[in-house]
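So the chains spell out like this:
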Amino acid sequence: MLIDTHAHLNFNAYKEDSFEVLRRSLDNGVWMINVGSQYSTSKRAVEMAEKYENGVYAAIGLHPIHLETEVFDYEKYKELAKSKKVVAIGEIGLDYKPEYASSEEKQKTVLSQQLKLAEALSLPVIFHCRMSHDDLIKILSENGSRTGGVIHCFTGAWKQAEKYLGMGLYLGFNGIIFKLNLDEIIEKTPLDRVLLETDCPYLTPKPMEGRNEPSYVKYVAEKIAKVKGLGYEEVVEITTKNAQKLFRIPASPAGR
Ligand code: NI
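Residues numbered from 1 in each chain as written. Predicted model: local features only at pLDDT ≥ 70, side-chain atom pairs only at ≥ 80, totals over all residues. Heavy atoms only, no water.

This paragraph deals with the UniProt feature "binding site: a divalent metal cation 1" (unreviewed entry) in the protein chain. Here, UniProt's "binding site: a divalent metal cation 1" (unreviewed entry) annotation points to H6, H8, E91 and D199. Considering the C-alpha atoms alone, the annotated residues occupy 194 residues of sequence yet fold into one spot, their largest mutual distance being 10.9 Å. For H6, the position within the fold is in strand 1 (residues 2-7). According to the relative accessible area criterion, H6 is buried, its value standing at 0%. Those residues in contact with H6 that sit more than four places away from it in its chain are I33, V35, E91, I126, H152, E197, T198, D199 and C200. Mapped onto the elements of the fold, D199 is located in the loop between strand 8 (194-196) and helix 8 (217-228). (UniProt positions renumbered as here; feature names shortened; annotations may be inferred. Helix = DSSP H or I, 4+ residues; strand = E, 2+ residues; numbered from the N terminus. Buried < 20%, exposed > 50% of the residue type's maximum accessible area, 1.4 Å probe, protein only. Contact = heavy atoms within 4.5 Å.)

Okay, structure coming up:
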């Protein structure tokens, strides 16, 4: 069994067939966390997860690229988090890519509000961080990442990875490892700190093409096994355990 720790079947790219894609993933032994980026997609992630007893979970949060169109409403997100299927706050963080950026100050303020929510609810955090690792490291080392979490889609430098790992955080890898050369980071990151993800519908791993989906997470596992010189089964087993531990996801009753 694999766990795609960062999927977006709650996004409009799957408007017509989200449950078909979801079923295909579960049938392939791939569980998932659908991750919200605004209130509407967070709510949709929770609604999807609520339909399944096992295998489908939700993360809720306001992504830094949506701060110009949405104000973070602590109480509304707290209410959403009452669902037992909410396993994390995310994706939240910092994004300094110029075309997306709200002011850095505003991003930091909203991030700290959401970190408070994570702490109040004792939920781990799924961090989005683009062109802003040094600021995120500074924030986390000053305030601590008290509930743990993952730096999703990590593409930074090893010296930044080391800092996150030193704070007890996990690194998430997806299909971007086929586009950028992250071999050194993958080699040096202990397997017990690696999480697998797709970030679907984006970042489709090779050899697949077109819209990404959770069942393709196996290609990310294969590539990590190859780079680390480990067996595929070992990578699957350990990364699944990592996800179960961080997000407190129960083991599959069927054991697959
Ligand atoms: Ni994402």
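The structure having been displayed, the exposition proceeds.
Turning to the coordination of the nickel ion, a few remarks are in order. Of the protein atoms, only H6 (NE2), H8 (NE2), E91 (OE) and D199 (OD) coordinate the nickel ion, at distances of 2.2 to 2.4 Å. Note that the nickel ion binds four donor atoms; their angles at the metal cover 83 to 173 degrees, and the shape is irregular. All donors of the nickel ion come from a single chain, and their spacing in sequence reads H-x1-H-x82-E-x107-D. Of this pair, H8 sits in the loop between strand 1 and helix 1 (18-27) while D199 sits in the loop between strand 8 and helix 8; the two residues are 191 residues apart in sequence, bridging distant segments of the chain. For the pair shown, H8 and D199 are each scored as buried. (Donors = N, O, S within 2.8 Å, 3.2 Å for Na, K, Ca; no water. Tetrahedral: all angles 85-135°; square planar, octahedral: opposite > 155°, others 65-115°.)

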